[in-house]
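# Topology and contacts: notes
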Amino acid sequence: MKLFDSHAHCDDQRIENEFEGGCRAYIKYQLENGVRNIVNIGTNLENSRISVALSEEFDEIYATVGIHPSDTRFYDDVDYVISEIEKMLSLSKVVALGEIGLDYHYEDTDKEKQKLFFEKQMQLAKRLDVPVVIHDREAHGDCMDIIKKYPEVTGIFHSFSGSSEMADELVKMGWYISFSGTVTYKNAQKPKEACATVPLDRILIETDSPYLPPVPHRGEMNHPHLVSFTCEQVASIKKISFEEAARITAENAMRVFNIKIQ
Ligand SMILES: [Zn+2]
């Protein structure tokens, strides 16, 4: 099985607390239960460093490093943060800068500060020519405005929540679209429509675990091996087999992250 979870947080505190043996035992369990590769995503400097360490310990794990919009509240010195991210981006199993972007769902993070960190990280991605992982929650307009300022930079819109028109525009600009468990939710028409619109060679699948569990696991903690449910949903929307959807989304992930698996 080639299932590739393009976005997970295996070092999340909930996993450390609830899974016996902590995050390393947890990753082993996931890899033994149906997922072949996982990209572990950084959201601040501390867990970006943990992601790097995990990618060095496990052949199947890759890392991203970056500052999530909600985590910008931990930092004041943006130049220091950028220089720390730049150091980590030179490491071999760090495959993208992310997750970065805008999150307007909660009122408690300054929007101007989010935009500053987002733009500084887009500028770094441009300078180093690396893909980015975008987190866009209830901020579609501002997110699109910022990425359009950096047409050389592309990557992945993760757990896509925009319209099919937005997905279409992003694909034309060279972006990949990643679908999470939300595409399995009965009432979630938008991600289903977006998935129908995006060409097969631009689709990724992810869990965003421990968040966003797919149907039939809503209300529980999510895990990378549950990416199979999202794969199944994508296969049914695209009218292809589960195996084909698994293979194609894994190939897409390897292409966008520049991963070469022997
Ligand atoms: Zn995430």
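Preceding block: the structure.
Our subject in this report is the structure included herewith. (Residues numbered from 1 in each chain as written. Predicted model: local features only at pLDDT ≥ 70, side-chain atom pairs only at ≥ 80, totals over all residues. Heavy atoms only, no water.)

### Some remarks on unusual backbone geometry
In the segment running from Ser-209 into Pro-210, the intervening peptide bond is cis, with an omega of 10°. Its location among the elements puts Pro-210 in the loop between strand E8 (203-205) and helix H9 (227-238). The omega angle of the peptide bond from Val-215 to Pro-216 is 10°, so this bond is cis rather than trans. Relative to the helices and strands, Pro-216 is located in the loop between E8 and H9. Despite not being glycine, Asp-129 shows a phi value in the positive range, around 55°. By the secondary structure assignment, Asp-129 is in the loop between helix H5 (111-128) and strand E5 (132-137). Note on Asp-129: relative accessible area 66%, which makes it exposed. Although it is not a glycine, Glu-138 adopts a positive phi angle of roughly 55°. (Helix = DSSP H or I, 4+ residues; strand = E, 2+ residues; numbered from the N terminus. Buried < 20%, exposed > 50% of the residue type's maximum accessible area, 1.4 Å probe, protein only.)

### Comments concerning the nonpolar core
In this structure, Met-122 and Ile-134 are the most contacted members of the largest nonpolar core, which totals 58 residues. With 6 residues, helix H4 (residues 78-89) is the single largest residue contributor to this core. The contact partners of Ile-134, leaving out residues within four places of it in the chain, are Ile-100, Phe-118, Met-122, Cys-143, Ile-147, Ile-156, Phe-157, His-158 and Trp-175. Formed by 16 residues, the second largest nonpolar core is a distinct cluster that contains Val-39, Leu-204, Phe-257 and Ile-259. (Core = buried A, V, L, I, M, F, W, Y, C linked by side-chain atoms within 4.5 Å. Contact = heavy atoms within 4.5 Å.)

### Re the coordination of the zinc ion
Protein ligation of the zinc ion involves His-7 (NE2), His-9 (NE2), Glu-99 (OE) and Asp-208 (OD), the donor distances falling in the range 2.1 to 2.4 Å. Its 4 donor atoms give the zinc ion angles of 83 to 173° at the centre, a pattern that matches the irregular case. Read from N- to C-terminus, the donor residues coordinating the zinc ion fall into the pattern H-x1-H-x89-E-x108-D. With His-7 in strand E1 (residues 4-8) and Glu-99 in strand E4 (residues 94-103), the pair connects residues that are 92 residues apart, well separated along the chain. Residue classification places His-7 among the buried residues on the basis of a relative accessible area of 1%. Residue Glu-99 is classed as buried on the basis of its relative accessible area, which comes to 2%. (Donors = N, O, S within 2.8 Å, 3.2 Å for Na, K, Ca; no water. Tetrahedral: all angles 85-135°; square planar, octahedral: opposite > 155°, others 65-115°.)

### Topic: the packing of helix H8 (residues 189-197) against H9
Contact geometry of H8 with H9 gives a least axis separation of 9 Å together with a crossing angle of 60°. Considering their axes alone, H8 and H9 lie oblique with respect to each other. H9 is crossed by H8, and the crossing has right-handed handedness. Facing H8, whose interface residues are Lys-192, Cys-195, Ala-196 and Thr-197, H9 presents Gln-233, Val-234, Ile-237 and Lys-238. Along the lines of polarity and charge, the residues of the contact of H8 with H9 split into 4 nonpolar, 2 polar and 2 charged. (Axes fitted to C-alpha atoms, helices over the stretch in contact; angles between N-to-C directions. Parallel < 35°, antiparallel > 145°, perpendicular 65-115°, else oblique. Left-handed = near helix turned anticlockwise from the far one by under 90°. Nonpolar A, V, L, I, M, F, W, Y, C, P; charged D, E, K, R; others polar.)

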